[in-house]
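# Tertiary structure, described
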Amino acid sequence: MTVLVTGGAGYIGSIVTEELVNSGNHVVVLDNLSQGHQTAVVPEAVFIKGDLCDQEILHNTLQKYGVDVVMHLAADKSVENSMIEPGKFFWNNVACGINLLDCMVKNGVMSMVFSSSAAVYGQPKEIPITEDAPLDPVNVYGESKLIFERILRWYGEIHGLKSISLRYFNVAGASKRFGSDCRPETNLIPIIIEVALGQRKYLSVFGDDYDTEDGTCIRDYIHVLDIARAHILALNHLDAYTSTKVFNFGSGDGYSVLEVVEEARKVTGATIPIDFCPRRPGDPPKLVASSDLAKKNLGWRLEYPRLEQIIKSAWLWRKEHPTGYDY
Ligand code: WQD
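Everything numeric here is computed off the predicted structure, so don't read it as measured data.

Thresholds applied
Residues numbered from 1 in each chain as written. Predicted model: local features only at pLDDT ≥ 70, side-chain atom pairs only at ≥ 80, totals over all residues. Heavy atoms only, no water. Near = heavy atom within 4 Å. Polar contact = N/O pair within 3.5 Å; in protein donor to acceptor, adjacent residues only side chain to side chain. Areas by Shrake-Rupley, 256 points an atom, 1.4 Å probe, with all protein chains shown as cover. Helix = DSSP H or I, 4+ residues; strand = E, 2+ residues; numbered from the N terminus. Nonpolar A, V, L, I, M, F, W, Y, C, P; charged D, E, K, R; others polar. Salt bridge = Lys/Arg side-chain N within 4 Å of Asp/Glu carboxyl O. Buried < 20%, exposed > 50% of the residue type's maximum accessible area, 1.4 Å probe, protein only.

It is worth spelling out the site of the ligand at this point. Surrounding the ligand, one finds 19 residues, the nearest of these being Tyr 141, Leu 188, Ser 204, Arg 280 and Asp 283. One nitrogen or oxygen atom from the side chain of Ser 117 is found 2.9 Å from an oxygen atom belonging to the ligand. The contact in question runs from an oxygen atom of the ligand to an N or O atom on the side chain of Tyr 141, over 2.4 Å. Expressed as a share of its isolated accessible area of 680 Å², the protein-covered part of the ligand is 93%. When contributions to the shell around the ligand are tallied by element, the ones reaching two or more residues are α6 (188–196) and β8 (203–206). For the shell around the ligand, the class distribution of residues is 10 nonpolar, five polar and four charged.

Listed below in C-alpha cells is the structure:
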C-alpha cells in the first residue's frame, strides 16, 4: 500500500515510517520540519517538506503518489506549551487536520489512522482507563486531539471516511536507527537520559505531594516500537470498520516518576541527581491504560512490556547519537 505519513520526520513518525517500509509499504513523508529532522526519515521513503495548511502540496502529493491511506501524526504535542499558545495548537492540530481531510475526500483517499492521545481523558475517575471512560481533557493539547477524533466521526458519517484513532499513553524508547530528539525535550524519559549522559545537571521532579505511594505522578510507559506496530495493525484493520474506531495503547502497568528514575539508574549506571519542584499544571496524578480492546479487536500484543527495555533502548540510541540528529 502507499501510505502518506504526516509528521513522519518526528520522533514517533520516523519509527512508524521505518516499520511501514519494513512491512513492504510505499511511504511518502510530509513534514514541515518545525520539530522533526529530515535525517530521521528512512531513505526508502519519499520525503516532502511541506505544511498541512498548504492545499496545493497536499493535492499534488495525494495525486502524484497514488496515496491509499494517510497516517496523521503531525501535531504540536507539548502539554505545557498548549496552555500558553492555545491558538497555535488548535490551528495546527485541528484546522490543518481539517484541510488534510478535505484534500483527502476531494482525491478519493478515504482512510486515516490518527495519532490521538491519552490526554483526551483528563483526570480519569477509574484506573485502568478504558475507551468508554469520560472524555474531559484538562489541557488544550488533549482537547485538540479529542476535537479531531470527533471530526473524524462526521467525515465518516457524511463522506464515508474510514478511520482508526490510536490513543497513545506515554511513548518512550527508540529503535536501533531512530530515537527522540525533541528540542527542547519535555518528556520524562528522554530528559532522564540527558541527565544520565551529563547533558543536564539534574532532573526536576514536578511535585512529590500527589496521592500516590511515593507522592510522584504515575504514568503508563509504552515502547515506541510497540506503538509503531499498532499503526501497522490499524492499517490492516481499516476495512473491518464502517465507522470511526478508537483504541488505547498502553502497557497496563503504571510507574511513578521516582520508580522510572530508579530503573534508569540501574540501566545506565548513572547517579541521575533529582531536585523536587512544585507541581506542573495539567498533570493528572495517575494515568494507566486498559488496552484490552486493541488486543481483542486488532490482535495487538506488547513485544517490549518491561520499563527496563524501554529505558535501555532510549539509552543505547542516545549514547550512539549524543547530539541526536545533528551530525
Ligand atoms: C510524565 C511525568 C511529569 C518531565 C505525555 C506527552 C504528551 C502526550 C501524553 C502523547 C509527569 C513528570 C516530566 C520532567 C517530571 N503524549 N516529569 N520532570 O505529561 O504524561 O504527557 O503523554 O500524546 O504529548 O507529553 O508525559 O513525560 O511530560 O511527564 O517530573 O522534567 O513525569 O510531571 O508526571 P505526560 P511527560
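Once you've had a look at it, read on.
Before going further, it helps to examine the environment of Gly 179. Turning to its location among the elements, Gly 179 is positioned in the loop between β7 (170–172) and α6. Sequence separation of Gly 179 and Pro 124 is 55 residues, and the distance between their C-alpha atoms is 30 Å.

Looking now at the pattern of salt bridges. On inspection of all chains with the given rule, the structure shows 15 salt bridges. Note that Arg 167 is salt-bridged to Glu 149, the shortest N-O span being 2.6 Å. Residue Arg 167 is found in strand β6 (residues 162–168), and its partner Glu 149 is found in helix α5 (residues 140–159); the two are separated by 18 residues along the sequence. You'll find Arg 167 and Glu 149 in the same group, each marked buried. Here Asp 181 makes a salt bridge to Arg 318, at a shortest N to O gap of 4.0 Å. In this pair, Asp 181 is assigned in the loop between β7 and α6 and Arg 318 in helix α10 (residues 307–320), connecting sequence segments 137 residues apart. Side by side, Asp 181 and Arg 318 carry an identical accessibility label, which is buried. Sharing partners across several salt bridges, the network here consists of Asp 181, Arg 183, Arg 318 and Asp 326.

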